[in-house]
Amino acid sequence: MSNSDTAPAVIITRTFDAPIDTVWSMFAEAEHFGAWYGPQGAELEVQRFEPEPGGGRLVCMRMPTPQGTHEMWFTGEFVELDPPTRLVYTESVCDATGRVLTATEMGMPDGAPTTTRVVVDLTSVGSAADGSTQLTLTHEGIPAGSPGEMGWQMALDKLAARLTP
């Protein structure tokens, strides 16, 4: 994926009514991540989740459809972790073994990125114990207004519901 300033990116900013450490754990701990990630109706199976620089990720998202359950696999690598303020990882659509799919295999046009980058920046708003957290999520390689952005919006809605007491 290109780091060009003209590369497409989804950028979403949200404020959650939860302390920064709690929001961090939702992105950095497998059991929490698996509980909210994905659009409404999706279930996530986390097979590998090693939140350290160079650590791997392998998850399966299952979505019910009229034709049966549809599976999408995602792999990637944790690139940067600066708890509790910044987490960066790569993401690629893959098969169940973790082999990254080509653009053609994904049904995308030639030249579409096969690896994208997700940047999660968190800022504490208020006191550490009872304050809120501002999230800025940037998914480089995914165009604004795309189904990918819609998926993120739905996932962050699920995250907000999970964080609400």
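Bear in mind that the values here come from a model prediction, so they are computed numbers and not experimental data.

How each quantity is defined
- Residues numbered from 1 in each chain as written.
- Predicted model: local features only at pLDDT ≥ 70, side-chain atom pairs only at ≥ 80, totals over all residues.
- Heavy atoms only, no water.
- Pairing = 2+ DSSP bridges.
- Helix = DSSP H or I, 4+ residues; strand = E, 2+ residues; numbered from the N terminus.
- Axes fitted to C-alpha atoms, helices over the stretch in contact; angles between N-to-C directions.
- Contact = heavy atoms within 4.5 Å.
- Core = buried A, V, L, I, M, F, W, Y, C linked by side-chain atoms within 4.5 Å.
- Buried < 20%, exposed > 50% of the residue type's maximum accessible area, 1.4 Å probe, protein only.
- Polar contact = N/O pair within 3.5 Å; in protein donor to acceptor, adjacent residues only side chain to side chain.

Undergrad: Looking at this structure, how should I read the pairing of strand 2 (residues 43-49)?
TA: The side chains of a regular strand alternate, residue by residue, between the two faces of the sheet. With six bridges joining them, strand 2 and strand 3 (residues 56-65) adopt antiparallel strand pairing. Its bridge partner lying in strand 3, valine 46 is registered against valine 59. Connecting strand 2 to the next strand, strand 3, in antiparallel fashion are six residues, including glycine 54 with a positive phi near 90°.

Undergrad: Is there a simple way to think about unusual backbone geometry in this case?
TA: Each neighbour pair has its own omega, and for proline 83 with proline 84 the value is -10°, a cis peptide bond. Looking at the element boundaries, proline 84 is found in the loop between strand 4 (68-82) and strand 5 (86-94).

Undergrad: I'm lost on the sheet that holds strand 5 in this one. Help?
TA: Strand pairing in a sheet relies on backbone hydrogen bonds, with the paired strands running either antiparallel or parallel. Taken together, seven strands build an open sheet; the order of strands is 1-7-6-5-4-3-2 and the sheet is antiparallel. Looking along the sheet, the strands with just one partner apiece sit at the ends: strand 1 (9-16) and strand 2. The sheet shows a mean angle of 20° between the axes of neighbouring strands, taken without regard to direction. Of the strands in this sheet, strand 1, strand 2, strand 4, strand 5, strand 6 (116-125) and strand 7 (132-140) are in contact with helix 1 (residues 20-28), which crosses strand 6 at around 165°.

Undergrad: What exactly am I supposed to notice about the nonpolar core here?
TA: When a protein is soluble and globular, its nonpolar side chains tend to lie buried together. Grouped together as the largest cluster of nonpolar side chains are 36 residues, with contacts concentrated most on Phe27, Trp36 and Leu87. Per element, the largest residue contribution to this core is six residues, and it comes from helix 1. Ignoring sequence-local partners within four residues, the contact set of phenylalanine 27 consists of Phe33, Trp36, Phe49, Leu87, Val120, Leu135, Leu137, Leu156 and Leu159.

Undergrad: Hey, could you run me through helix 1 in this one?
TA: Turn by turn, an α-helix covers 3.6 residues, leaving residues three or four places apart pointing in a common direction. Burial runs high along helix 1: seven of the nine residues are buried. Inspection of helix 1 places Ile20, Val23, Trp24, Ser25, Met26, Phe27 and Ala28 among the buried residues, and these make up the whole buried set.

Undergrad: What should I look at first to understand the side chain of threonine 116 in this one?
TA: Inspection of the secondary structure assignment puts threonine 116 in strand 6. Residue threonine 116 is classed as buried on the basis of its relative accessible area of 8%. For threonine 116, the side chain forms a polar contact with the side chain of histidine 139, separated by 2.7 Å.

Undergrad: Got a minute to help me understand the environment of isoleucine 11 in this structure?
TA: Residue placement: isoleucine 11 occurs in strand 1. Under the relative-accessibility criterion, isoleucine 11 is labelled exposed at 57%. Sequence separation between isoleucine 11 and glycine 38 is 27 residues; the distance between their C-alpha atoms is 17 Å. In this structure, isoleucine 11 is in contact with Thr136, Leu137 and Thr138, ignoring residues within four places of it in sequence.

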